[in-house]
Amino acid sequence: MLNIEHLTKRYGDKLAVDDLSLHIAPGEIYGFIGPNGAGKTTTIKCAVGILQFDSGAVFIDNHSIAEEPLYCKGVLAYIPDNPDLYEYMSGIKYLNFIGDIFRIPPDERQLKIRKLADTFGLTKDLAQPIASYSHGMKQKLAVIAAWIHAPKLIVMDEPFVGLDPKASHTLKLMMREHCDAGGAIFFSTHVLEVAEKLCDKVAIIRQGKLVRSGTMEEVKGDDSLEEAFLELEAE
Amino acid sequence: MFKILLKKQFQEIFKGYFYDAKKNQMRSKGSIIAWFAFFVILIFGVFGSMFVSLAVTLCWPLVNANAGWLYFVIMAGTAILIGVFGAVATGYAALFLAKDNDLLLSLPIPIKDIVAARLMSTFLLGTLYTAIALVPALVVYWGTASAGIVEVLCGITLLIIAAAVVLCVGCLFSWIVAKIALRLENKSLLSVLIIVAFLALYYFVYFQAGEAMMELIANAAAYSASAKDAAYVIYLFGSIGEGNVTATAVFLVIAIVLVALTWMALSHSYLKLVTASAKTKRVRYVEKTASFKSPFSALVSKEFAKYRSNANYILNSSMGSLFILVFGVVTLLNAQSINELIVEIWGNDLAFVCVVLCGALCMLAGTNTIAAPSVSLEGRSLWILQSLPIASKNVLRAKAVVHLVLTAAPLAIAVACLAFALDLPATPKALMCIVPFAYVVFTSMAGSFLGVKMANVSWTNELMPLKRSGAVIVLMLGGWGIAIAFILIYFLFGSALDATTYMAVWIVLFLGIAAYLLHWLDTKGSQLFAEL
């Protein structure tokens, strides 16, 4: 579903991502972990087509993000680490904007919004301006906007930050449900316990380089993911 | 601590002069000097020159009538009025809406230091606005009255005192706006109405002032004597410019006390004002099926929503629409006298009148800069447009459409008023009505072009893209320049072409350039937008 091949991205002289390759198959929840400044967000932004890269290739559903960005963006959803949404819109207007962009028929859209907003307890706030939302409410709205158009691939940068425990739990269930239905999820996180329990596969990045990737067992062996991560950090 | 904060404020204000965001590196020394030279030329060369003629007109008669003090009262008063107008427009956002308020308040920094740094940058901006009118006034006076060192020093002090008054009055207005804003639900509409009312008052006074000036010049000595007796404090204030050292010292002390009081008062209520939540009416969500929009319509609607919600955006980028409407309605209401005036001035050369009116309409339309700051205003929300399956060209087109609609709609009314009211030959009049629309198509494309070419999405105060961005300045000054050139070229070389052909050529020219810019937006512009 998502193939990142030899991705390299520089900021001036600084090498942010160095020859990184990852393959995320349909049905997989793929965790992306690494210390601050390791290149996780840069990789994610390159993967979803909002950051140009210097070399390598990114394929989504076997289409190149560089050559067919509209197709790729049509089948993916992206949630950034800090969801700065349009504060001048109300929640429902934002969701309708997303619905219009993805050409979701109004009836189908209404059903999905009802279901997802109820799931996250956001229905009563949908008419409020986004400017009045808390960080967590914005995060919930961004999640609803991502799920509303039934993407094949969902890419998330630190999706659990700001969510309350119930919403976090709901999101985890939704992620699993999405992948069980044939979709794929690629997300970064600092919460290793979440990654360990939720992910089918995991990749660890350090200073822009992929240091280990594979199934959870392959990456952590007999240790916990935290121990494996700290061990790699110490190397 | 104050120094650190002040440095941060200046880095923010002049960031674009030192740092090239596109190349992600500091500018060279030569480039920094060139940018500052451009800024100084723009401020004093373009805007300041407008006040030179006023100063020249007033200075000699008043100095000759031994009323130099009155000259300084008028010029300093004008400078303060301009400064206050600028300070009110910028002060509220700069003082109370800065994006880094939360960060600074969370740090162990005394509030009075934060306020002092904010006040200092507001003071410097106020000084800049004030200097636009007062520096030409001082220079003209020094030349006319053969001023010595005392007069020069007192004159410079007058500038500082005037800027201090601007700061205090600007802060007072900003504080009132901040207090009102906490109680309002539809802030943007009311803010726009208040500022427009203020603007209307400003122009009313400005136009009335012309006659009053002539009267004053004719009877300078008599007015000076009676004004001096009636308002001795104002006389003292004006005498600062003439080199009255005692008055200078007294007013300087008063100014310092006023600034100190403003600083203390703001420090006292600052935390409450910047951290309080505005009153928001709870809107009950009622589920209903949304009407389906095409992706492009959704983008245009989004742009209109952004425009409607932001008073600063409306006020800073679309006053031209208001001017166009006023121009059309005033022409309609005074049709008879304007027709008589046209015949009196131009006689039978009515085709030239069509060119002049057409240029005037273009100039007013050129005051609108809606598309220019639009890309930058995406700010930290830019990721949404970049990650959605939307062609970047449609994003840029949508921004141009908003500019086009909001300028062309009042233009249509104004053009209808002019067409109905003025007795002008039919064919050039028809062209006079069409050229401004072609011009607006061109400026809306140029706005999107400059907006993406000179984008700055990493601002902390939205006034930066709205007021201080290169895109806005270039679009407005360039637009005015083209409108002036449109009249000037016909004035100089009109005999070679009749007015109808001349205007037809410009229609082709405007639409041709607009078509090229549209092509650029669809290709290179889209690429640039994707790389922001």
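Residues numbered from 1 in each chain as written. Chains lettered and ligands numbered in written order. Predicted model: local features only at pLDDT ≥ 70, side-chain atom pairs only at ≥ 80, totals over all residues. Heavy atoms only, no water.

1. Section: the overall build of chain B
Right, on to step 1. Assigned secondary structure in chain B consists of 23 helices and two strands.
Right, on to step 2. Since a compact globule built from 532 residues should have a radius of gyration of about 24 Å, the 25 Å found for chain B is in line with a globular shape.
Right, on to step 3. Principal axes of the C-alpha set define a box for chain B whose edges measure 70 × 70 × 50 Å.
Right, on to step 4. Relative to its 532 residues, chain B shows a buried fraction of 48%.
Right, on to step 5. Partitioning the intrachain contacts of chain B with sequence separation of at least 6 by distance along the chain shows that 84% fall at a separation of at least 24. (Helix = DSSP H or I, 4+ residues; strand = E, 2+ residues; numbered from the N terminus. Rg over C-alpha atoms; globule rule 2.2 N^0.38 Å. Buried < 20%, exposed > 50% of the residue type's maximum accessible area, 1.4 Å probe, protein only. Contact = heavy atoms within 4.5 Å.)

2. Describing the interface of chain B and chain A
Right, on to step 1. Each partner contributes to the interface: chain B provides 33 residues, whereas chain A provides 36 residues.
Right, on to step 2. Taken together, both faces of the contact between chain B and chain A bury some 3300 Å²; the carbon and sulfur share is 62%.
Right, on to step 3. It is B:Tyr285, B:Trp383 and B:Pro389 that lose the most area in chain B upon contact with chain A, and together they represent 22% of the buried surface on that side.
Right, on to step 4. Our count for the chain B to chain A interface comes out at one salt bridge.
Right, on to step 5. The tally of links from chain B across to chain A stands at eight residue pairs in polar contact (both at pLDDT 80 or more).
Right, on to step 6. Elements with a minimum of two residues in the side of chain B that touches chain A: helix H12 (295-309) and helix H18 (382-387) of chain B.
Right, on to step 7. Looking at which element gives the most residues to the side of chain B that touches chain A, the answer is H12(B), with seven residues. (Buried area = accessible area lost by both parts, 1.4 Å probe. Salt bridge = Lys/Arg side-chain N within 4 Å of Asp/Glu carboxyl O. Polar contact = N/O pair within 3.5 Å; in protein donor to acceptor, adjacent residues only side chain to side chain.)

3. Considerations on the nonpolar core
Right, on to step 1. Counting 171 residues, the largest nonpolar core has A:Tyr94, A:Phe97, A:Trp147, A:Met175, A:Phe186 and B:Met503 as the members making the most contacts within it.
Right, on to step 2. No other element matches helix H20 (residues 426-453) of chain B, which puts twelve residues into this core.
Right, on to step 3. Both of domain 1 (49-275) and domain 2 (295-530) of chain B provide at least three residues apiece to this core.
Right, on to step 4. Contact partners of A:Phe186, with chain neighbours within four places excluded, come to A:Leu2, A:Ile4, A:Leu22, A:Ile24, A:Tyr30, A:Phe32, A:Ile44, A:Ile154, A:Val155 and A:Met156.
Right, on to step 5. In terms of nonpolar packing, the next biggest core, distinct from the first, is built from 58 residues, B:Phe72, B:Ala76, B:Phe123 and B:Leu138 among them. (Core = buried A, V, L, I, M, F, W, Y, C linked by side-chain atoms within 4.5 Å. Domains from an automatic or database assignment.)

4. A short note on the sheet that holds strand E10 (residues 209-215) of chain A
Residue and element names in this part refer to chain A.
Right, on to step 1. The strand order E6-E7-E8-E3-E9-E10 describes an open sheet built from six strands, whose pairing is mixed. With partners counted over all chains shown, the strands left at the sheet margins are strand E6 (76-79) and E10, one partner each. Strand-to-strand twist across the sheet, computed as the mean angle between neighbouring axes with direction ignored, equals 15 degrees.
Right, on to step 2. In the sheet, strand E3 (residues 29-33) pairs with strand E9 (residues 201-206) via four bridges, with the strands oriented parallel. Bridging from a neighbouring strand, Ile33 pairs with Ile204 of E9.
Right, on to step 3. This element, helix H5 (residues 135-147), spans E6, strand E7 (153-157) and strand E8 (184-188) of the sheet and lies at about 175 degrees to E6. (Pairing = 2+ DSSP bridges. Axes fitted to C-alpha atoms, helices over the stretch in contact; angles between N-to-C directions.)

5. Brief notes about the sheet that holds strand E1 (residues 2-11) of chain A
All names here are of chain A.
Right, on to step 1. Ordered by their spatial adjacency, four strands build an open sheet running E2-E1-E4-E5, and the pairing between neighbours is antiparallel. Each end of this open sheet is capped by a strand with a single partner; those strands are strand E2 (14-24) and strand E5 (63-64).
Right, on to step 2. For E1 and strand E4 (residues 55-60), the ladder comprises five bridges, and the chain directions are antiparallel. The partner of Leu2 across the bridge, within E4, is Ile60.
Right, on to step 3. In this fold helix H1 (residues 40-47) packs onto E1, E2 and E4, with an angle of close to 120 degrees to the strand it touches most, E1.

6. A word on the confidence of the model for chain B
Right, on to step 1. In this model, chain B carries an average pLDDT of 83, and 91% of its residues clear a pLDDT of 70 or more.
Right, on to step 2. Among the prediction metrics, the complex's ipTM stands at 0.89, with pTM recorded as 0.74. (pLDDT = per-residue confidence, 0-100.)

7. A closer look at the packing of helix H19 (residues 392-421) of chain B against helix H23 (residues 499-530) of chain B
Residue and element names in this part refer to chain B.
Right, on to step 1. For the pair H19 and H23, the least separation of the axes is 8 Å and the interaxial angle reads 115 degrees. Compared by their axis directions, H19 and H23 come out roughly perpendicular. For the pair H19 and H23, the sense of crossing is right-handed. Every residue of H23 that contacts H19 at Ser392, Lys393, Val395, Leu396 and Arg397 is listed here: Leu518, Leu521, Asp522, Gly525, Ser526, Phe529 and Ala530.
Right, on to step 2. Considering only residue class, the contact of H19 with H23 consists of six nonpolar, three polar and three charged. (Parallel < 35°, antiparallel > 145°, perpendicular 65-115°, else oblique. Left-handed = near helix turned anticlockwise from the far one by under 90°. Nonpolar A, V, L, I, M, F, W, Y, C, P; charged D, E, K, R; others polar.)

8. Observations concerning the domain arrangement of chain B
Right, on to step 1. Structurally, chain B comprises domain 1 (49-275) and domain 2 (295-530).
Right, on to step 2. Each of domain 1 of chain B and domain 2 of chain B has a C-alpha centre, and these two points are 32 Å apart.

9. A closer look at helix H3 (residues 91-101) of chain A
Right, on to step 1. Counting buried positions along H3(A) gives ten out of eleven residues, so the element sits mostly inside the fold.
Right, on to step 2. For H3(A), the full list of buried residues reads A:Gly91, A:Ile92, A:Tyr94, A:Leu95, A:Asn96, A:Phe97, A:Ile98, A:Gly99, A:Asp100 and A:Ile101.
Right, on to step 3. On its buried side, H3(A) packs onto helix H4 (106-119) and H5 of chain A together with H12 and H18 of chain B.
Right, on to step 4. Looking at the residues trailing H3(A), positive phi occurs at A:Arg103, about 55 degrees.

10. Brief notes about unusual backbone geometry
All names here are of chain A.
Right, on to step 1. Positive phi is not limited to glycine here, since Arg103 has a value of about 55 degrees.
Right, on to step 2. Relative to the helices and strands, Arg103 is located in the loop between H3 and H4.
Right, on to step 3. Owing to a relative accessible area of 57%, Arg103 belongs among the exposed residues under this scheme.
Right, on to step 4. The backbone of Gln207 shows a phi angle near 50 degrees, a positive value even though the residue is not glycine.
Right, on to step 5. Relative to the helices and strands, Gln207 resides in the loop between E9 and E10.

11. A look at the packing of aromatic side chains
Right, on to step 1. The tally for this structure, following the rule as stated, stands at 25 aromatic pairs over all chains.
Right, on to step 2. Here B:Phe352 and B:Phe491 contribute two aromatic rings whose centre-to-centre distance is 6.0 Å and whose plane-to-plane angle is 40 degrees, an arrangement assigned as tilted. Placement of B:Phe352 in helix H16 (residues 350-366) and of B:Phe491 in helix H22 (residues 470-493) is noted, with a sequence separation of 139 residues between them.
Right, on to step 3. Considering the side-chain rings of B:Phe486 and B:Tyr502, the 5.5 Å spacing of their centres and the 35 degrees angle between planes classify their relative orientation as tilted. Separated by 16 residues along the polypeptide, B:Phe486 in helix H22 and B:Tyr502 in helix H23 bring together distant segments of the chain. Pair check on accessibility: B:Phe486 and B:Tyr502 agree, each one buried.
Right, on to step 4. A cation over a ring is seen here: A:Lys172 above A:Phe160, with NZ or CZ 5.8 Å from the ring centre.
Right, on to step 5. Above the face of the A:Tyr86 ring, B:Lys302 is positioned so that its terminal group lies 4.8 Å from the ring centre. (Phe/Tyr/Trp six-rings, centres within 6.5 Å; stacked < 30°, edge-to-face > 60°. Lys NZ or Arg CZ within 6 Å of the ring centre and 35° of its normal.)

12. Some details on H16(B)
Right, on to step 1. Here H16(B) is 17 residues long and its end C-alpha atoms lie 24 Å apart, about the 24 Å a rise of 1.5 Å per residue gives.
Right, on to step 2. Most of H16(B) sits out of view: 13 of its 17 residues are buried. (Expected span 1.5 Å × (residues − 1).)

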